[in-house]
Amino acid sequence: MDSLGNQVSFNGPLKNEVQKFVQQTLHKELDKITYDHSDAQSRSNKICDLILKQLTTNNKNFKFIVNCLLMQKAECGLNISGSCYWDNETDGSLTIKHETEAMIGIVNVFACAL
Amino acid sequence: MEENQNLEENTYSQEEVDRITQESIESVLKEVQYDESKVQGWINAICEKVTQQLIELGKPYKYIVHCMIMQRNGAGAFVTTSQWWDTVADGQIIISWPKDKQAKQEQQKNTLHCICSVFAVSMI
């Protein structure tokens, strides 16, 4: 709720801001790094936490879910799909893919208005 | 007594959601081999089945169902999630299919792996 008491929707300028930040984070964390199974877990945790922290410091009127997939680049097929039951006016989602030479990172952000 | 009833009606059941997701995945992916042309259909079917059954539970929740099907080729992958929500009322289920024990018992060469996450966000 902003100061006028109007519900702020995720699907406006907020979405673009979040998109920029997520892309920056993925660039920073994944560029020039090879896939290493032993530290992929901590790397994907770090990405999730960074994004979540940024989202929550600026937006107190949403609940957020950040999902991060890190996959080694290989000859295999991958399909991802999401289905949401929520309020289309105020809630929204974002999916960003970042590909490097060694791996693929896919981040989903879901926001539910309070 | 009434208070307890209200609480039950307004919180979601972890076991119920777990059961719904497992059954939906099993019914769509049992005994199939990875087929590029059909995967999109399977993944949509899983998402729709799960969402529909969750809505039928009639609880005051918003749901997000996220499904991933990956061809088994020896590539490594990690999925992590972080949430900013009410830890008492909200919850998640993440199902990885097939479980390794299952695969060995059925002695089937599994060519795909499915990870399905269900997030329930309380509206109250």
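The following paragraphs examine the structure supplied in this document. Quick caveat: nothing in here was measured; it's all calculated off a predicted structure.

Here we look at the nonpolar core
Reasoning step 1: Within the largest apolar cluster, 29 residues are counted, with the highest numbers of intra-cluster contacts made by B:L29, B:I46 and B:I69.
Reasoning step 2: Counting only elements with at least two residues in this core, the list comes to helix 2 (14-29), helix 3 (36-56), strand 1 (61-71), strand 3 (91-97) and strand 4 (112-122) of chain B.
Reasoning step 3: Once residues within four sequence positions are removed from consideration, B:L29 is found in contact with B:W42, B:I46, B:I69, B:W97, B:L112 and B:C114.
Reasoning step 4: A:L14, A:C48, A:M103 and A:A113 belong to the second-largest nonpolar core, a separate cluster that totals 26 residues.

Re the pattern of salt bridges
Residue and element names in this part refer to chain A.
Reasoning step 1: What the rule picks out here adds up to 9 salt bridges over all chains.
Reasoning step 2: The salt bridge partner of R43 is D39, with a shortest N-O separation of 3.4 Å. In this pair, R43 and D39 are both assigned in helix 2 (residues 37-58), 4 residues apart and thus about one turn of the helix distant.
Reasoning step 3: Classification of R43 by relative accessible area gives buried; the value is 17%.
Reasoning step 4: The shortest N-O distance in the salt bridge between E99 and K97 comes to 2.9 Å.
Reasoning step 5: One continuous salt-bridge network, built from bridges that share partners, spans K73, K97 and E99.

With respect to the sheet that holds strand 3 (residues 92-99) of chain A
Reasoning step 1: Spatial ordering of the open sheet is given by 3(A)-4(A)-1(A)-2(B), a layout of 4 strands whose pairing is antiparallel. In this open sheet, the two edge strands, each paired with only one partner strand, are strand 3 of chain A together with strand 2 (77-84) of chain B. For this sheet the average axis-to-axis angle between neighbouring strands, irrespective of direction, equals 10°.
Reasoning step 2: Relative to strand 2 of chain B, strand 1 (residues 62-72) of chain A runs antiparallel, the two being bridged by 8 bridges. Paired with A:C68 across the two strands is B:T80, which belongs to strand 2 of chain B.
Reasoning step 3: Sheet strands touched by helix 1 (residues 13-30) of chain A: strand 1, strand 3 and strand 4 (103-113) of chain A. Its angle to strand 3 of chain A, the strand with the most contacts, is close to 25°.
Reasoning step 4: In the packing of helix 2 of chain A onto the sheet, contacts are made with strand 1 and strand 4 of chain A together with strand 2 of chain B, and the angle to strand 2 of chain B comes to roughly 25°.

Observations concerning the interface of chain B and chain A
Reasoning step 1: In this complex, chain B contributes 37 residues to the contact, which on the side of chain A involves 40 residues.
Reasoning step 2: Of the roughly 3400 Å² buried between chain B and chain A on both sides combined, carbon and sulfur atoms contribute 57%.
Reasoning step 3: Among the residues of chain B in contact with chain A, B:F78, B:T80 and B:W84 are the three that bury the most area, contributing 24% of the side total.
Reasoning step 4: Here chain B and chain A share 2 salt bridges between them.

So, how was this worked out
- Residues numbered from 1 in each chain as written.
- Chains lettered and ligands numbered in written order.
- Predicted model: local features only at pLDDT ≥ 70, side-chain atom pairs only at ≥ 80, totals over all residues.
- Heavy atoms only, no water.
- Core = buried A, V, L, I, M, F, W, Y, C linked by side-chain atoms within 4.5 Å.
- Buried < 20%, exposed > 50% of the residue type's maximum accessible area, 1.4 Å probe, protein only.
- Helix = DSSP H or I, 4+ residues; strand = E, 2+ residues; numbered from the N terminus.
- Contact = heavy atoms within 4.5 Å.
- Salt bridge = Lys/Arg side-chain N within 4 Å of Asp/Glu carboxyl O.
- Pairing = 2+ DSSP bridges.
- Axes fitted to C-alpha atoms, helices over the stretch in contact; angles between N-to-C directions.
- Buried area = accessible area lost by both parts, 1.4 Å probe.

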